[in-house]
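One-letter residues, chain by chain:
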Amino acid sequence: MKDYEKRYEILRKMLEEEGIEVDEVEKKLKSFKVETPSWGYGNSGTRFYVFKQKGAARNVKEKLQDAAMVHKLTGICPTVALHIPWDMYDDWDELLRYAESLGVRPGAINPNLFQDDDYKFGSLTHPDKRVREKAIKHILDCIEIAKKLGSRDISLWLADGTNHPGQDDFRLRKHRLEESLKEVYSHLEPNMRLLIEYKFFEPAFYHTDISDWGTAIILSKKLGDKAYVLVDLGHHPLGTNIEQIVAILLDEGKLGGFHFNNKKYADDDLTTGSINPYELFLIFNELVSAEQDGLKMDIAYMIDESHNLKNKIEEMIQSVENIFRTYAKALIVNRKVLRKYQEEQDIVMAENTLVKAFETDVMPLIYKVREEMGVPLDPLKAFRESGYMEKVIKERG
Ligand code: AOS
Ligand code: ZN
Ligand code: ZN
(Lines give C-alpha, C1' and ligand atoms only; values in the text may rest on other atoms or scores of the structure.)
(Ligands and ions follow the chains in the order given, each with its own letter.)
Protein backbone atom coordinates (compact mmCIF):
# COMPACT_ATOMS: atom_id res chain seq x y z
CA MET A 1 0.00 0.00 0.00
CA LYS A 2 2.86 2.36 0.81
CA ASP A 3 4.12 2.44 -2.74
CA TYR A 4 0.66 2.64 -4.22
CA GLU A 5 1.82 5.68 -6.21
CA LYS A 6 3.44 3.43 -8.82
CA ARG A 7 0.29 1.39 -9.16
CA TYR A 8 -1.70 4.61 -9.30
CA GLU A 9 0.38 5.99 -12.18
CA ILE A 10 -0.07 2.77 -14.15
CA LEU A 11 -3.82 2.68 -13.54
CA ARG A 12 -4.22 6.35 -14.35
CA LYS A 13 -2.33 5.97 -17.63
CA MET A 14 -4.32 2.90 -18.57
CA LEU A 15 -7.64 4.66 -17.89
CA GLU A 16 -6.59 7.83 -19.68
CA GLU A 17 -5.61 5.84 -22.73
CA GLU A 18 -9.16 4.55 -22.74
CA GLY A 19 -10.48 8.09 -22.60
CA ILE A 20 -11.66 7.99 -18.97
CA GLU A 21 -11.30 11.32 -17.19
CA VAL A 22 -9.56 10.27 -14.03
CA ASP A 23 -9.79 13.69 -12.37
CA GLU A 24 -13.53 13.55 -12.84
CA VAL A 25 -13.67 10.04 -11.32
CA GLU A 26 -11.69 11.22 -8.31
CA LYS A 27 -13.96 14.24 -7.88
CA LYS A 28 -16.99 11.97 -7.87
CA LEU A 29 -15.40 9.67 -5.31
CA LYS A 30 -14.62 12.61 -3.05
CA SER A 31 -18.21 13.78 -3.07
CA PHE A 32 -19.77 10.34 -2.51
CA LYS A 33 -21.58 9.88 0.80
CA VAL A 34 -23.23 6.91 2.45
CA GLU A 35 -25.31 7.06 5.62
CA THR A 36 -24.88 4.51 8.39
CA PRO A 37 -27.78 3.34 10.58
CA SER A 38 -27.91 3.95 14.33
CA TRP A 39 -29.39 0.47 14.76
CA GLY A 40 -26.24 -1.07 13.31
CA TYR A 41 -24.23 0.00 16.37
CA GLY A 42 -26.42 -1.34 19.18
CA ASN A 43 -27.06 -4.91 20.24
CA SER A 44 -29.62 -6.64 18.07
CA GLY A 45 -30.38 -10.15 17.06
CA THR A 46 -32.64 -12.56 15.32
CA ARG A 47 -35.92 -13.85 16.69
CA PHE A 48 -33.86 -16.72 18.09
CA TYR A 49 -31.35 -14.91 20.26
CA VAL A 50 -29.44 -11.70 20.79
CA PHE A 51 -25.71 -12.25 21.19
CA LYS A 52 -24.56 -9.21 23.13
CA GLN A 53 -21.25 -7.62 22.21
CA LYS A 54 -18.88 -5.97 24.65
CA GLY A 55 -18.73 -2.26 24.06
CA ALA A 56 -21.80 -2.11 21.80
CA ALA A 57 -23.51 1.28 21.89
CA ARG A 58 -26.26 1.44 24.53
CA ASN A 59 -28.02 4.66 23.58
CA VAL A 60 -28.29 7.20 20.81
CA LYS A 61 -25.27 9.19 21.95
CA GLU A 62 -23.05 6.13 21.93
CA LYS A 63 -24.42 5.15 18.51
CA LEU A 64 -23.47 8.61 17.26
CA GLN A 65 -19.98 8.17 18.72
CA ASP A 66 -19.49 4.93 16.80
CA ALA A 67 -20.90 6.39 13.61
CA ALA A 68 -18.58 9.37 14.03
CA MET A 69 -15.65 6.96 14.31
CA VAL A 70 -16.69 5.30 11.04
CA HIS A 71 -16.89 8.73 9.42
CA LYS A 72 -13.54 9.81 10.82
CA LEU A 73 -11.87 6.75 9.31
CA THR A 74 -13.67 6.65 5.96
CA GLY A 75 -14.48 10.31 5.35
CA ILE A 76 -17.69 9.47 3.52
CA CYS A 77 -20.25 8.76 6.26
CA PRO A 78 -21.22 12.14 7.70
CA THR A 79 -24.85 11.27 8.49
CA VAL A 80 -26.57 8.73 10.72
CA ALA A 81 -30.07 7.36 10.18
CA LEU A 82 -32.13 7.47 13.37
CA HIS A 83 -34.96 5.23 14.41
CA ILE A 84 -37.83 6.46 16.57
CA PRO A 85 -38.45 5.42 19.34
CA TRP A 86 -35.21 3.40 19.61
CA ASP A 87 -33.26 6.67 19.48
CA MET A 88 -35.77 8.75 21.43
CA TYR A 89 -34.17 11.67 23.26
CA ASP A 90 -35.61 14.40 25.41
CA ASP A 91 -33.68 17.36 23.99
CA TRP A 92 -33.21 17.23 20.23
CA ASP A 93 -31.34 20.56 20.08
CA GLU A 94 -28.82 19.20 22.50
CA LEU A 95 -28.53 15.94 20.57
CA LEU A 96 -28.00 17.84 17.33
CA ARG A 97 -25.21 19.87 18.91
CA TYR A 98 -23.71 16.69 20.32
CA ALA A 99 -23.72 15.00 16.90
CA GLU A 100 -22.14 18.06 15.31
CA SER A 101 -19.45 18.16 17.99
CA LEU A 102 -18.54 14.62 16.90
CA GLY A 103 -18.47 15.61 13.25
CA VAL A 104 -21.70 13.90 12.14
CA ARG A 105 -25.34 14.88 11.59
CA PRO A 106 -28.64 13.02 11.91
CA GLY A 107 -29.81 11.62 8.57
CA ALA A 108 -33.07 9.93 7.63
CA ILE A 109 -35.66 9.51 10.37
CA ASN A 110 -37.19 6.01 10.51
CA PRO A 111 -40.60 5.74 12.20
CA ASN A 112 -41.36 2.47 13.97
CA LEU A 113 -44.76 1.08 13.03
CA PHE A 114 -44.24 -2.50 14.12
CA GLN A 115 -43.32 -2.83 17.79
CA ASP A 116 -46.70 -2.23 19.36
CA ASP A 117 -49.61 -4.54 20.16
CA ASP A 118 -51.90 -2.13 18.35
CA TYR A 119 -50.13 -2.93 15.08
CA LYS A 120 -50.86 -6.65 15.16
CA PHE A 121 -53.12 -6.34 12.11
CA GLY A 122 -51.40 -3.38 10.49
CA SER A 123 -50.54 0.27 11.06
CA LEU A 124 -51.41 2.63 8.20
CA THR A 125 -53.59 -0.12 6.69
CA HIS A 126 -55.25 -1.30 9.91
CA PRO A 127 -59.00 -1.94 9.69
CA ASP A 128 -59.55 0.18 12.81
CA LYS A 129 -59.38 3.91 12.17
CA ARG A 130 -58.09 4.53 15.69
CA VAL A 131 -54.97 2.48 15.00
CA ARG A 132 -54.42 4.16 11.64
CA GLU A 133 -54.65 7.54 13.36
CA LYS A 134 -52.14 6.45 15.97
CA ALA A 135 -49.71 5.34 13.25
CA ILE A 136 -50.18 8.61 11.35
CA LYS A 137 -49.61 10.56 14.57
CA HIS A 138 -46.32 8.70 15.12
CA ILE A 139 -45.07 9.62 11.66
CA LEU A 140 -46.11 13.24 12.21
CA ASP A 141 -44.10 13.21 15.45
CA CYS A 142 -41.16 11.90 13.40
CA ILE A 143 -41.60 14.75 10.94
CA GLU A 144 -41.39 17.19 13.87
CA ILE A 145 -38.21 15.50 15.07
CA ALA A 146 -36.80 15.63 11.55
CA LYS A 147 -37.51 19.38 11.45
CA LYS A 148 -35.70 19.92 14.74
CA LEU A 149 -32.71 17.88 13.61
CA GLY A 150 -32.53 19.36 10.13
CA SER A 151 -33.21 15.95 8.57
CA ARG A 152 -34.72 15.92 5.13
CA ASP A 153 -35.87 12.34 4.61
CA ILE A 154 -38.47 10.21 6.34
CA SER A 155 -37.75 6.54 5.52
CA LEU A 156 -40.96 4.62 5.77
CA TRP A 157 -40.96 0.88 6.11
CA LEU A 158 -44.21 -0.86 7.07
CA ALA A 159 -44.52 -4.32 8.51
CA ASP A 160 -48.19 -4.25 7.40
CA GLY A 161 -49.54 -7.39 5.80
CA THR A 162 -51.52 -10.53 6.54
CA ASN A 163 -50.63 -14.12 7.29
CA HIS A 164 -53.71 -15.86 5.94
CA PRO A 165 -55.76 -15.77 2.75
CA GLY A 166 -59.03 -14.05 3.49
CA GLN A 167 -57.69 -12.32 6.60
CA ASP A 168 -58.40 -8.89 5.12
CA ASP A 169 -59.32 -7.29 1.81
CA PHE A 170 -56.34 -6.30 -0.39
CA ARG A 171 -58.14 -3.38 -2.03
CA LEU A 172 -59.58 -2.00 1.17
CA ARG A 173 -56.14 -2.10 2.74
CA LYS A 174 -54.73 -0.32 -0.30
CA HIS A 175 -57.34 2.42 0.07
CA ARG A 176 -56.61 2.83 3.77
CA LEU A 177 -52.89 3.00 3.03
CA GLU A 178 -53.38 5.67 0.38
CA GLU A 179 -55.58 7.71 2.68
CA SER A 180 -53.12 7.45 5.58
CA LEU A 181 -50.13 8.34 3.41
CA LYS A 182 -51.94 11.34 1.96
CA GLU A 183 -52.42 12.67 5.47
CA VAL A 184 -48.75 12.10 6.30
CA TYR A 185 -47.61 13.63 3.02
CA SER A 186 -49.58 16.83 3.61
CA HIS A 187 -47.46 17.50 6.71
CA LEU A 188 -44.08 17.33 4.98
CA GLU A 189 -42.12 20.57 4.81
CA PRO A 190 -41.42 21.79 1.26
CA ASN A 191 -37.84 20.48 1.34
CA MET A 192 -38.72 17.14 2.93
CA ARG A 193 -39.09 13.78 1.24
CA LEU A 194 -40.99 10.62 2.03
CA LEU A 195 -39.03 7.51 1.02
CA ILE A 196 -41.33 4.51 0.60
CA GLU A 197 -39.59 1.19 1.23
CA TYR A 198 -41.05 -2.03 -0.15
CA LYS A 199 -40.52 -5.61 0.97
CA PHE A 200 -42.12 -8.71 -0.47
CA PHE A 201 -42.58 -10.65 2.77
CA GLU A 202 -41.70 -10.75 6.47
CA PRO A 203 -42.88 -10.30 9.13
CA ALA A 204 -46.12 -10.97 7.24
CA PHE A 205 -46.03 -14.29 5.44
CA TYR A 206 -49.05 -14.26 3.17
CA HIS A 207 -49.08 -10.73 1.80
CA THR A 208 -47.30 -7.47 2.45
CA ASP A 209 -49.11 -4.18 1.78
CA ILE A 210 -46.14 -2.51 0.07
CA SER A 211 -44.63 -5.65 -1.39
CA ASP A 212 -42.76 -4.43 -4.41
CA TRP A 213 -41.40 -1.44 -6.33
CA GLY A 214 -44.55 -1.35 -8.45
CA THR A 215 -46.71 -0.70 -5.41
CA ALA A 216 -44.19 1.78 -4.03
CA ILE A 217 -43.99 3.78 -7.26
CA ILE A 218 -47.78 3.85 -7.62
CA LEU A 219 -48.05 5.27 -4.11
CA SER A 220 -45.29 7.80 -4.65
CA LYS A 221 -46.77 8.96 -7.96
CA LYS A 222 -50.18 9.42 -6.40
CA LEU A 223 -48.69 11.37 -3.49
CA GLY A 224 -46.55 13.79 -5.47
CA ASP A 225 -43.03 14.94 -6.06
CA LYS A 226 -41.92 14.74 -2.45
CA ALA A 227 -42.50 10.97 -2.39
CA TYR A 228 -39.91 8.52 -3.71
CA VAL A 229 -39.15 4.82 -3.67
CA LEU A 230 -36.51 3.36 -1.38
CA VAL A 231 -34.79 0.20 -2.62
CA ASP A 232 -33.53 -2.13 0.09
CA LEU A 233 -31.34 -4.70 -1.62
CA GLY A 234 -32.58 -7.48 0.65
CA HIS A 235 -36.25 -6.98 -0.12
CA HIS A 236 -36.64 -8.89 -3.37
CA PRO A 237 -37.35 -12.51 -4.20
CA LEU A 238 -34.25 -14.48 -5.18
CA GLY A 239 -33.17 -13.88 -8.75
CA THR A 240 -34.86 -10.49 -9.11
CA ASN A 241 -33.04 -8.17 -11.48
CA ILE A 242 -32.53 -5.28 -9.06
CA GLU A 243 -30.40 -3.24 -11.46
CA GLN A 244 -33.31 -3.13 -13.89
CA ILE A 245 -35.63 -1.90 -11.14
CA VAL A 246 -33.07 0.78 -10.34
CA ALA A 247 -32.89 1.81 -14.01
CA ILE A 248 -36.66 2.11 -14.30
CA LEU A 249 -37.03 4.06 -11.07
CA LEU A 250 -34.24 6.39 -12.19
CA ASP A 251 -35.89 6.90 -15.54
CA GLU A 252 -39.18 7.72 -13.82
CA GLY A 253 -37.39 10.17 -11.50
CA LYS A 254 -38.68 8.20 -8.52
CA LEU A 255 -35.59 6.63 -6.99
CA GLY A 256 -35.14 8.30 -3.61
CA GLY A 257 -32.72 6.11 -1.75
CA PHE A 258 -31.09 2.81 -0.99
CA HIS A 259 -30.79 0.52 1.94
CA PHE A 260 -27.57 -1.30 1.18
CA ASN A 261 -26.97 -4.81 2.44
CA ASN A 262 -26.65 -8.20 0.82
CA LYS A 263 -28.66 -11.38 0.95
CA LYS A 264 -28.16 -15.04 0.39
CA TYR A 265 -31.75 -16.13 1.04
CA ALA A 266 -34.07 -13.31 2.06
CA ASP A 267 -33.72 -10.11 4.09
CA ASP A 268 -30.45 -11.31 5.63
CA ASP A 269 -28.92 -7.83 6.05
CA LEU A 270 -25.48 -9.30 5.33
CA THR A 271 -22.43 -7.15 4.60
CA THR A 272 -23.01 -5.18 1.39
CA GLY A 273 -21.17 -6.78 -1.50
CA SER A 274 -20.31 -9.92 0.43
CA ILE A 275 -22.49 -12.42 -1.40
CA ASN A 276 -22.99 -11.00 -4.85
CA PRO A 277 -20.48 -8.22 -5.58
CA TYR A 278 -21.21 -8.29 -9.32
CA GLU A 279 -24.87 -7.50 -8.68
CA LEU A 280 -23.83 -4.49 -6.59
CA PHE A 281 -21.56 -3.38 -9.45
CA LEU A 282 -24.40 -3.68 -11.97
CA ILE A 283 -26.60 -1.55 -9.70
CA PHE A 284 -23.92 1.15 -9.45
CA ASN A 285 -23.44 0.86 -13.18
CA GLU A 286 -27.07 1.95 -13.69
CA LEU A 287 -26.65 4.82 -11.25
CA VAL A 288 -23.51 6.14 -12.91
CA SER A 289 -24.95 5.63 -16.37
CA ALA A 290 -28.07 7.64 -15.48
CA GLU A 291 -26.01 10.38 -13.94
CA GLN A 292 -23.72 10.62 -16.95
CA ASP A 293 -26.78 10.79 -19.21
CA GLY A 294 -27.85 13.85 -17.22
CA LEU A 295 -30.90 12.40 -15.46
CA LYS A 296 -32.16 14.45 -12.54
CA MET A 297 -31.44 12.37 -9.46
CA ASP A 298 -31.01 12.90 -5.76
CA ILE A 299 -30.37 9.64 -3.99
CA ALA A 300 -29.89 8.96 -0.31
CA TYR A 301 -27.36 6.14 -0.05
CA MET A 302 -27.89 4.39 3.26
CA ILE A 303 -26.72 1.16 4.83
CA ASP A 304 -29.33 -1.02 6.52
CA GLU A 305 -27.43 -3.70 8.39
CA SER A 306 -27.09 -4.75 11.98
CA HIS A 307 -24.62 -7.48 12.72
CA ASN A 308 -24.41 -9.93 15.54
CA LEU A 309 -21.34 -11.99 14.73
CA LYS A 310 -18.89 -9.43 13.39
CA ASN A 311 -17.78 -6.45 15.41
CA LYS A 312 -20.36 -3.82 14.52
CA ILE A 313 -18.02 -0.96 13.73
CA GLU A 314 -15.65 -3.14 11.73
CA GLU A 315 -18.51 -4.55 9.72
CA MET A 316 -19.82 -1.06 8.99
CA ILE A 317 -16.38 -0.01 7.75
CA GLN A 318 -16.24 -3.17 5.64
CA SER A 319 -19.61 -2.39 4.06
CA VAL A 320 -18.63 1.22 3.40
CA GLU A 321 -15.41 0.01 1.75
CA ASN A 322 -17.25 -2.45 -0.46
CA ILE A 323 -19.73 0.22 -1.53
CA PHE A 324 -17.03 2.79 -2.24
CA ARG A 325 -14.87 0.36 -4.22
CA THR A 326 -17.83 -0.82 -6.27
CA TYR A 327 -18.86 2.73 -7.02
CA ALA A 328 -15.31 3.43 -8.22
CA LYS A 329 -15.52 0.44 -10.56
CA ALA A 330 -18.77 1.70 -12.03
CA LEU A 331 -17.18 5.11 -12.58
CA ILE A 332 -14.47 3.64 -14.81
CA VAL A 333 -16.80 1.78 -17.17
CA ASN A 334 -15.95 2.94 -20.66
CA ARG A 335 -19.43 4.15 -21.57
CA LYS A 336 -18.64 5.41 -25.06
CA VAL A 337 -17.26 2.04 -26.03
CA LEU A 338 -20.13 0.25 -24.31
CA ARG A 339 -22.68 2.29 -26.26
CA LYS A 340 -20.86 1.55 -29.51
CA TYR A 341 -20.92 -2.19 -28.84
CA GLN A 342 -24.59 -1.97 -27.93
CA GLU A 343 -25.38 -0.20 -31.18
CA GLU A 344 -23.47 -2.84 -33.12
CA GLN A 345 -25.16 -5.62 -31.14
CA ASP A 346 -21.71 -6.87 -30.21
CA ILE A 347 -22.99 -8.57 -27.10
CA VAL A 348 -19.75 -10.27 -26.13
CA MET A 349 -17.72 -7.06 -26.21
CA ALA A 350 -20.48 -5.05 -24.54
CA GLU A 351 -20.55 -7.49 -21.65
CA ASN A 352 -16.76 -7.62 -21.52
CA THR A 353 -16.66 -3.84 -21.21
CA LEU A 354 -18.56 -4.15 -17.94
CA VAL A 355 -16.53 -7.11 -16.74
CA LYS A 356 -13.29 -5.28 -17.48
CA ALA A 357 -14.24 -2.40 -15.19
CA PHE A 358 -15.52 -4.80 -12.55
CA GLU A 359 -12.25 -6.71 -12.54
CA THR A 360 -10.00 -3.66 -12.47
CA ASP A 361 -8.19 -3.14 -9.20
CA VAL A 362 -9.31 0.40 -8.36
CA MET A 363 -7.65 0.51 -4.95
CA PRO A 364 -4.81 2.81 -6.09
CA LEU A 365 -7.45 5.37 -7.10
CA ILE A 366 -9.11 5.01 -3.73
CA TYR A 367 -5.80 5.37 -1.86
CA LYS A 368 -5.11 8.54 -3.81
CA VAL A 369 -8.52 9.95 -2.96
CA ARG A 370 -8.16 8.99 0.70
CA GLU A 371 -4.74 10.56 0.91
CA GLU A 372 -6.14 13.80 -0.47
CA MET A 373 -9.13 13.64 1.87
CA GLY A 374 -6.83 13.15 4.83
CA VAL A 375 -8.28 9.83 5.95
CA PRO A 376 -6.38 6.59 6.56
CA LEU A 377 -5.59 4.54 3.45
CA ASP A 378 -6.81 1.43 5.28
CA PRO A 379 -9.69 2.43 7.58
CA LEU A 380 -10.13 -1.04 9.05
CA LYS A 381 -6.48 -1.32 10.02
CA ALA A 382 -6.61 2.21 11.42
CA PHE A 383 -9.64 1.22 13.47
CA ARG A 384 -7.89 -1.82 14.93
CA GLU A 385 -4.87 0.26 15.79
CA SER A 386 -6.86 3.14 17.24
CA GLY A 387 -7.65 1.52 20.59
CA TYR A 388 -11.25 2.75 20.18
CA MET A 389 -12.85 -0.62 20.90
CA GLU A 390 -10.75 -1.18 24.02
CA LYS A 391 -11.68 2.31 25.20
CA VAL A 392 -15.44 1.89 24.73
CA ILE A 393 -15.43 -1.59 26.27
CA LYS A 394 -13.98 0.00 29.40
CA GLU A 395 -16.47 2.85 29.33
CA ARG A 396 -19.57 0.92 28.34
CA GLY A 397 -18.86 -2.47 29.80
C1 AOS B 1 -37.00 -3.95 7.36
O2 AOS B 1 -36.89 -5.08 6.89
C3 AOS B 1 -36.48 -2.79 6.68
O4 AOS B 1 -35.30 -3.13 6.00
C5 AOS B 1 -36.25 -1.50 7.46
O6 AOS B 1 -35.72 -0.56 6.59
C7 AOS B 1 -35.22 -1.48 8.52
O8 AOS B 1 -34.58 -2.68 8.75
C9 AOS B 1 -35.80 -0.92 9.76
O10 AOS B 1 -36.45 0.29 9.52
C11 AOS B 1 -34.82 -0.71 10.85
O12 AOS B 1 -35.56 -0.86 11.90
ZN1 ZN C 1 -34.38 -1.43 4.98
ZN1 ZN D 1 -35.07 -5.16 5.61
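The structure we're discussing is the one just above.
Residues numbered from 1 in each chain as written. Chains lettered and ligands numbered in written order. Predicted model: local features only at pLDDT ≥ 70, side-chain atom pairs only at ≥ 80, totals over all residues.

S.K.: What am I meant to see in the overall build of the chain here?
M.R.: On a plain count of helices and strands, the chain comes out with 15 helices and 10 strands. Expected size for 397 residues packed as a compact globule is a radius of gyration near 21 Å; at 22 Å, the chain falls within 12% of this value. In terms of its C-alpha atoms, the chain occupies a principal-axis envelope of roughly 65 × 60 × 40 Å. Restricting the contact set of the chain to residue pairs at least 6 apart, pairs at least 24 apart contribute 78%. (Helix = DSSP H or I, 4+ residues; strand = E, 2+ residues; numbered from the N terminus. Rg over C-alpha atoms; globule rule 2.2 N^0.38 Å. Contact = placed C-beta atoms within 7 Å.)

S.K.: Just checking my understanding: could you explain the environment of Phe 205 for this structure?
M.R.: Mapped onto the secondary structure, Phe 205 falls in the loop between strand 6 (193–197) and strand 7 (207–208). We classify Phe 205 as exposed; it has 11 C-beta atoms within 10 Å. Taking the C-alpha atoms as reference points, Phe 205 and Glu 94, 111 residues apart in sequence, are found 41 Å from one another. (Buried ≥ 20, exposed ≤ 12 C-beta atoms within 10 Å, placed from the backbone.)

S.K.: Please explain the nonpolar core as it appears in this structure.
M.R.: One broad rule of soluble globular proteins: the nonpolar side chains tend to lie buried together. In this structure, Ile 196 and Val 229 are the most contacted members of the largest nonpolar core, which totals 94 residues. It is helix 10 (residues 312–331) that contributes the most residues to this core, 10 residues altogether. If we skip the residues at most four places from it in the chain, Val 229 touches Ile 196, Trp 213, Ala 216, Ile 217, Ser 220, Leu 249, Lys 254, Leu 255 and Gly 256. (Core = buried A, V, L, I, M, F, W, Y, C linked by C-beta atoms within 7 Å.)

S.K.: What am I meant to see in the pairing of strand 10 (residues 300–303) here?
M.R.: In regular strands, side chains alternate between the two faces of the sheet. Of the strand pairs in this sheet, strand 9 (residues 255–260) and strand 10 are connected by 4 bridges, and their pairing is parallel. Residue pairing across strands places Phe 260 opposite Ile 303, the latter belonging to strand 10. Following the chain from strand 9 across helix 9 (residues 277–292) to the adjacent parallel strand 10, one finds a crossover that is right-handed. (Pairing = 2+ DSSP bridges. Right-handed = clockwise from strand over helix to strand, strands pointing away.)

S.K.: What is the right way to look at the environment of Ala 135 in this model?
M.R.: Note that Ala 135 resides in helix 5 (residues 129–149). The spacing of Ala 135 and Asp 118 is 17 residues in sequence and 9.3 Å in space, taken between C-alpha atoms. Setting aside its immediate chain neighbours within four residues, Ala 135 contacts Leu 113, Ser 123, Leu 124 and Ser 180.

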